[in-house]
Amino acid sequence: MGNREPGMAPRAAASADAGAAHAHATGVPAPAIPRSAPLRLAVLASGRGSNLQAILDAIAGGTLNATVVGVFSDRPRAAALQRARDAGAQAQALSPRDFTSRAAFDRALFDAVDAVAPELIVCAGYMRLIGAAAITPRPGRIINIHPSLLPAFKGLHTHRQALAAGVVEHGASVHFVTADLDGGPVIAQARLPVLPGDDEIALSARVLSREHPLLLAALRLFADRDVTLREDSVHLRDERTAPLQLSSNNAFA
Ligand code: GRF
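This section reports on the structure supplied with the text. Computed from a predicted structure; not experimentally measured.

What counts as what
- Residues numbered from 1 in each chain as written.
- Predicted model: local features only at pLDDT ≥ 70, side-chain atom pairs only at ≥ 80, totals over all residues.
- Heavy atoms only, no water.
- Helix = DSSP H or I, 4+ residues; strand = E, 2+ residues; numbered from the N terminus.
- Contact = heavy atoms within 4.5 Å.
- Areas by Shrake-Rupley, 256 points an atom, 1.4 Å probe, with all protein chains shown as cover.
- Pairing = 2+ DSSP bridges.
- Buried < 20%, exposed > 50% of the residue type's maximum accessible area, 1.4 Å probe, protein only.
- Right-handed = clockwise from strand over helix to strand, strands pointing away.

1. Overview of the overall build of the protein chain
Phase 1: The helix and strand inventory of the protein chain stands at 7 helices and 11 strands.
Phase 2: The contacts in the protein chain between residues at least 6 apart in sequence include a share of 67% that link residues at least 24 apart.
Phase 3: A total accessible area of about 11,300 Å² is found for the protein chain, and carbon and sulfur atoms account for 54% of it.

Right, dumping it as structure tokens:
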């Protein structure tokens, strides 16, 4: 959601794992999902869909134990939808103009998302605000990839912001979605140097090339059921963790 509509702030709350959410909603602890079960992913995307493609390719190549149970967009012409269909995944777009309010759009979107029963919802270039009412019932179950080293350069035009600030290092972050604009707990990051002569196009291309392995490495943690959000902190195998850092070999340091 890093490139969301100007002026939009994501509204979310995420404070526990999916099992706790289930327990809260039903009073009954959720049955544990076996680590070997493919992770059921819903992907929200508004545009090009290169991160979605990386997910689809990794699943097809056997390097990510997951299944894309649905791809959802707020833009009927999003290339991501065709990428999903080409891979045999269910894809669906809802047009905001068909709804009387933002909340009504969110309700319809997340009804559709719920219908495919995802374990994790991945915002991969999803550019529309998600309201709190859609997020609060799904604590720790929505993540986003943002093209900066959060907390630096939230919001739009992150590469332009980085160049204007004159930083020597830039990158991308995968984080849980919370009520703060791109401010949720960071799960993992990929860092790269800003090179002399970099412009916005060159820098964004280099960041994107690190986004794909970063997102996949983060999703492998979820597929292993190793990462959760508890009390607003990222936990890795039950231990609170600082943001994981992607190495050049595409594993976490
Ligand atoms: C990526 O840069 C992602 O970080 C940002 O939007 C872009 C989406 O790219 N949130 P793509 O649609 O996955 O190619």
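Having seen the structure, we can now continue with the description.
2. Quick notes on the sheet that holds strand β9 (residues 233–236)
Paired through backbone hydrogen bonds, the strands of a sheet run either parallel or antiparallel to each other.
Phase 1: Strands sit in the order β8-β9-β10 across an open sheet of 3 strands; the sheet is antiparallel. Two strands bound the open sheet, and with one partner strand each, they are β8 (227–230) and β10 (239–240).
Phase 2: In this sheet, β10 lies alongside β9 in antiparallel orientation, the contact comprising 2 bridges. Within β10, the residue paired with His235 across the bridge is Arg240.

3. What about the pairing of strand β2 (residues 66–73)?
Phase 1: Counting buried positions along β2 yields 7 of 8 residues, so the element is predominantly enclosed.
Phase 2: Pairing between strand β1 (residues 39–44) and β2: 6 bridges, direction parallel. Looking across to β2, one finds that Val43 is bridged to Val71.
Phase 3: In this view, the connection linking β1 to its parallel neighbour β2 by way of helix α2 (residues 50–60) has right-handed handedness.
Phase 4: Note that β2 and strand β3 (residues 91–93) share 3 bridges and pair parallel. The residue bridging Val71 from the neighbouring strand is Ala91, located in β3.
Phase 5: In this fold, the crossover linking β2 to β3 by way of helix α3 (residues 79–86) has right-handed handedness.

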